[in-house]
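# A structural walkthrough
Spelled out from the first residue to the last, the chains are:
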Amino acid sequence: MKIHEYQAKEIFAEYQIPVQTFFVCKTVDEVVNAFDKFGGPVVVKAQVLVGGRGKAGGIKFCDSKEKAIEAATSIIGMDIKGLTVETVIVCSAVDIADEIYVGLITDRNTKSVLLMVSAEGGVEIEEVAKTNPEKIIKIPIDPQIGLLPHQARNVFFKVMKNGNHVRQAADILVKLYKVFIEKDCSLAEINPLVIDKNDKVIALDAKVNFDDNAMFRHPDYEALADYTDDEKLEVEANERGLSYVKLDGEIGCMVNGAGLAMATMDMINLYGGTPANFLDIGGSSNPQKVIHAMEYLMNDKNVKAVLINIFGGITRCDDVARGLLEAFKQMDVKMPVVIRLSGTNAKEGKELLKNSKELITADTMAEAAKKVIEAAKNV
Ligand code: GDP
Ligand code: MN
């Protein structure tokens, strides 16, 4: 789960990580009020859950009230990468001497929290990773020991010349690590961490993602959520026992098991189709689950045909087939549906589906993928 910069900065402030003073505003009037409170240069920043706001025109430096009004008028309501800006923050502007990148992320390769630091702060880190990967220092943090202050100091001595700056940055990093662990983050990033003209080190930006698997430990996070429509669907599906991720292809997929669901999407891609979603319905033959799953696929305007791929392990294919028939009896499905059943009692399952008019059966995954892509072409 992603949260906005202002929410992340509120957490930072709680942990004594220095941030600029700011006001959260939703209207031009509120921005004007905030400008008056500072009485000096401010920065108006769009609050949207995507990166690169600066480049998109969502961050404006304003040294007069007129400029603040102009910035607020253009930013509030602006579209950034498909998201509408509803909220901005007005910050006291900082005089920047240097910008550093600092990030903590869960890393599957090292099975630890990975610390990343780069002198190339202020630009998108993905860009640095592509063009100058050697400019990113990466240090896995031992989960048993945690981040030690000397580690933090060592890493900043590589990107800063002044010991006073290093001490401040190291202190911030130790606190950022504390945020990461205590708040169950999957990402905590300060880009840029700046040194201002008064030698003060400040987190100018803040990006925090929470680990969705830890949501149950933090009931208070729900109130921080600002989901897009697609994400709302995914959260709701999750509550219904389905693991659903919407994509933008044309072939709806319904699969039991996450690995098989990934393989199914690969297979569709291999034969020239595009998957409309990832959907793992788990191991059950419950018709209600199938109905719910089909609702997501049918409500997706891009979906032209559906591929149901079931492997019967403990769940028997004949049970699944009965569940599917029951589900399809209760629904009005107008698009082609291809089904592949494999595993325990597959033969019995297929026998049951043989007489269904709506369902096209297939024996192998390749055959199923080819059939569903062909069916989608003819819709
Ligand atoms: P992002 O583009 O979404 O990552 O937003 P950031 O908060 O990182 O801001 C982008 C850039 O705007 C920063 O790297 C700075 O160069 C600039 N910027 C943001 N706030 C200030 C400020 O208070 N003073 C100055 N001088 N520049 C700022
Ligand atoms: Mn940034």
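Residues numbered from 1 in each chain as written. Chains lettered and ligands numbered in written order. Predicted model: local features only at pLDDT ≥ 70, side-chain atom pairs only at ≥ 80, totals over all residues. Heavy atoms only, no water.

Our focus in this paragraph is the domain arrangement of the protein chain. Per the domain assignment, the segments of the protein chain are domain 1 (21-92), domain 2 (96-222) and domain 3 (229-377). Averaged C-alpha coordinates put domain 1 and domain 2 at centres separated by 25 Å. (Domains from an automatic or database assignment.)

Taken together, 16 residues lie around ligand 1, and Lys45, Arg53, Gly54, Val94 and Glu99 are the ones closest in. At 2.9 Å from an oxygen atom of ligand 1 is found a side-chain nitrogen or oxygen belonging to Glu99. When ligand 1 sits alone it has 560 Å² of accessible area, and the protein chains cover 78% of it. More than half of the atoms belonging to ligand 1 lie within 2 Å of the grid points that define the largest pocket. Residue assignment for the shell around ligand 1 shows that the elements contributing at least two residues are strand E2 (42-46), strand E7 (96-107) and strand E10 (185-196). Looking at the shell around ligand 1 residue by residue, the classes come out as seven nonpolar, five polar and four charged. Two domains each provide a minimum of three residues to the shell around ligand 1, namely domain 1 (21-92) and domain 2 (96-222). (Near = heavy atom within 4 Å. Polar contact = N/O pair within 3.5 Å; in protein donor to acceptor, adjacent residues only side chain to side chain. Areas by Shrake-Rupley, 256 points an atom, 1.4 Å probe, with all protein chains shown as cover. 1 Å grid on protein atoms, 1.4 Å probe; cavity = no way out; pocket = protein on both sides within 12 Å on 5 of 7 lines; lining within 4 Å. Sits in = over half its atoms within 2 Å of the grid points. Helix = DSSP H or I, 4+ residues; strand = E, 2+ residues; numbered from the N terminus. Nonpolar A, V, L, I, M, F, W, Y, C, P; charged D, E, K, R; others polar.)

To continue, consider the coordination of the manganese ion (ligand 2). Each protein donor to the manganese ion (ligand 2) is listed here as Asn191 (O) and Asp205 (OD); together their distances run 2.2 Å. Taken together, the positions of Asn191 in strand E10 and Asp205 in the loop between strand E11 (201-203) and strand E12 (207-210) put the pair 14 residues apart, joining distant regions of the chain. Comparing Asn191 with Asp205, the two get one shared label, buried. (Donors = N, O, S within 2.8 Å, 3.2 Å for Na, K, Ca; no water. Buried < 20%, exposed > 50% of the residue type's maximum accessible area, 1.4 Å probe, protein only.)

Take the packing of aromatic side chains next. As enumerated under the stated definition, the model contains three aromatic pairs in all. For the ring pair Phe210 and Tyr221, a centre distance of 3.6 Å and an interplane angle of 10° mean the geometry is stacked. In this pair, Phe210 is assigned in strand E12 and Tyr221 in the loop between E12 and helix H7 (229-239), connecting sequence segments 11 residues apart. Using a relative accessible area of 1% as the deciding quantity, one classes Phe210 as buried. (Phe/Tyr/Trp six-rings, centres within 6.5 Å; stacked < 30°, edge-to-face > 60°.)

Two modes of strand pairing occur in sheets, parallel and antiparallel, and in both the strands are linked by backbone hydrogen bonds. With antiparallel pairing, four strands are arranged side by side in an open sheet as E1-E6-E2-E3. Both outer strands of the open sheet, strand E1 (22-25) and strand E3 (59-62), are each paired with one neighbouring strand and no more. The mean angle between the axes of side-by-side strands here comes to 20°, regardless of whether they run parallel or antiparallel. Against the sheet, helix H2 (residues 28-38) contacts E1, E2, E3 and strand E6 (88-92), and its axis sits at roughly 170° relative to E1. Across the sheet, helix H3 (residues 65-75) is in contact with E2, E3 and E6; its angle to E3 comes to roughly 170°. (Pairing = 2+ DSSP bridges. Axes fitted to C-alpha atoms, helices over the stretch in contact; angles between N-to-C directions. Contact = heavy atoms within 4.5 Å.)

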